Amino acid sequence: YRTNKREVTATIDRLKKAGRGEGQAYRALNRLRKKGKVSGARKWKDPCSLRVIQWNCAGVHAHIEEFRKLIQDTDPDIVMLQETFLGQLNKTPHVAGYNSLRTDRVRQGDVSRGGLLVYFRKGLGWIHLETVQGGDADRLEKQVVEVHI
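This report concerns the structure included in the present document.

About the cut-offs
- Per chain, the residues get numbers from 1 upward, laid out in the order the sequence is written.
- Per-residue local features of the predicted model are confined to residues with pLDDT of at least 70, and side-chain atom pairs are confined, for both listing and counting, to 80 or more; whole-chain, interface and lining totals are unaffected and use all residues.
- For side-chain calculations, the full set of non-hydrogen atoms in the structure is used, while hydrogens and water are omitted.
- Only residues above 30% relative accessible area that lack a salt bridge enter a patch, with like-charged residues linked at up to 9 Å and the nonpolar side chains Val, Leu, Ile, Met, Phe, Trp and Tyr linked at up to 5 Å.
- A 1.4 Å probe and the Shrake-Rupley method give the accessible areas. Residues count as covered only by the protein chains that appear here.
- Salt bridges, as used here, are contacts in which a Lys or Arg side-chain nitrogen is within 4 Å of a carboxyl oxygen on Asp or Glu.
- By the criteria applied, helices consist of DSSP H or I runs no shorter than four residues and strands consist of E runs no shorter than two, each listed in order from the N terminus.
- A 1.4 Å probe rolled over the protein chains alone gives each residue an accessible area, and that area as a share of the maximum for its type sets the label: buried under 20%, exposed over 50%, partly exposed in between.
- Any two strands with at least two DSSP-identified bridges between them are counted as paired.
- In this analysis, axes come from line fits to C-alpha atoms, helices being fitted only over the stretch in contact, and the angle between any two N-to-C directions falls in the range 0 to 180 degrees.
- Contacts between residues were defined by any pair of non-hydrogen atoms, one from each residue, lying within 4.5 Å.
- Among buried residues, those of type Ala, Val, Leu, Ile, Met, Phe, Trp, Tyr and Cys that are joined through side-chain atoms within 4.5 Å constitute a nonpolar core.
- Between 30 and 60 degrees the pair is tilted, below 30 it is stacked and above 60 it is edge-to-face, where a pair is any two Phe, Tyr or Trp rings, Trp via its six-membered ring, whose centres lie within 6.5 Å.

1. Topic: a nonpolar patch on the surface
Right, on to step 1. A grouping of Leu50, Val52, Met80 and Ile149 is seen on the molecular surface, where their side chains present a nonpolar patch of about 370 Å² in accessible area.
Right, on to step 2. With respect to the helices and strands, the residue Ile149 is situated in the segment after β6 (141-148).
Right, on to step 3. Residue class for Ile149 comes out exposed when judged on its relative accessible area of 77%.

Printed below as a string of structure tokens:
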């Protein structure tokens, strides 16, 4: 059967009254969803948690369909990509509902390598604190952000 918000809230309340914390209630609800006892468009999340994906994509444009499916299937709050292989001439892939922070590695020859790209769900508060890129010898790439939940 299809559930609605009222049924989901009632299920979570029942689980909490049974002595489970809110996080446990959401995990239990997702287990019921997997067993087909409740359904819905997306997994339910504990509102006090963040869902984060980290992916070494080895070229984001080369795997754009896989990337979009990953976003659709997991509904993350933050997505961190490494080895994006984006250069100055490449556009940042648009993901509806997300803001992005991008750092390209300084180009080496004709090929773009490295690169970092972070997507934050719109409405999630974050501040870009620092970006560090090392020389060719150490190839350090680092983005530092502060996330407010």
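2. Let's talk about unusual backbone geometry
Right, on to step 1. If you check the backbone angles, Ala58 has positive phi at about 50° while not being a glycine.
Right, on to step 2. Its place among the elements puts Ala58 in the loop between β1 (52-56) and α3 (64-74).
Right, on to step 3. Phi at Asp75 takes a positive value of approximately 50°, unusual for a residue other than glycine.
Right, on to step 4. Counting through the fold element by element, Asp75 comes out in the loop between α3 and β2 (78-82).

3. Focus on the pattern of salt bridges
Right, on to step 1. Tallying each qualifying case throughout the model produces four salt bridges.
Right, on to step 2. For the salt bridge of Asp77 with Arg121, the shortest nitrogen-to-oxygen distance reads 3.1 Å. With Asp77 in the loop between α3 and β2 and Arg121 in strand β4 (residues 116-121), this residue pair connects regions lying 44 residues apart in the sequence.
Right, on to step 3. In this structure Asp77 comes out as buried when scored by relative accessible area, which is 7%.
Right, on to step 4. Across the pair Arg102 and Asp104 runs a salt bridge whose closest N-O atoms are separated by 2.8 Å.
Right, on to step 5. By relative accessible area, which is 23% here, Arg102 ends up partly exposed.
Right, on to step 6. According to the relative accessible area criterion, Asp104 is partly exposed, its value standing at 21%.
Right, on to step 7. Each of the salt bridges in this network shares a partner with another, and the network as a whole consists of Asp75, Asp77 and Arg121.

4. A look at the sheet that holds β4
Right, on to step 1. If you trace the four strands from one edge of the open sheet to the other, you get β1-β2-β4-β3, paired in mixed fashion. Each of the sheet's edge strands pairs with one partner strand only, and the pair in question is β1 and β3 (98-103). Geometrically, the sheet is characterised by an average inter-axis angle of 15° between neighbouring strands, direction not taken into account.
Right, on to step 2. Packed on one face of the sheet, α3 meets β1, β2, β3 and β4 and runs near 160° to β1.

5. Digging into the nonpolar core
Right, on to step 1. One finds Val60, Phe67, Ile71, Val79, Leu81, Val95 and Tyr119 to be the most contacted residues of the largest nonpolar core, which totals 14 residues.
Right, on to step 2. Within the residue set of this core, elements represented by two or more residues are β1, α3, β2 and β4.
Right, on to step 3. Take this core: its biggest share by element is three residues, from α3.
Right, on to step 4. Counting residues in each nonpolar core, the second largest holds five residues, with Ile78, Leu101, Phe120 and Leu124 among its members.

6. Details of the packing of aromatic side chains
Right, on to step 1. With the rule as written, the count across this model stands at three aromatic pairs.
Right, on to step 2. An angle of 40° between the planes, with centres 5.5 Å apart, marks the rings of Phe67 and Tyr119 as tilted. Pair noted here: Phe67 is in helix α3 and Tyr119 is in strand β4, with a separation of 52 residues, a long-range link.
Right, on to step 3. For Phe67, a relative accessible area of 0% gives the class buried.

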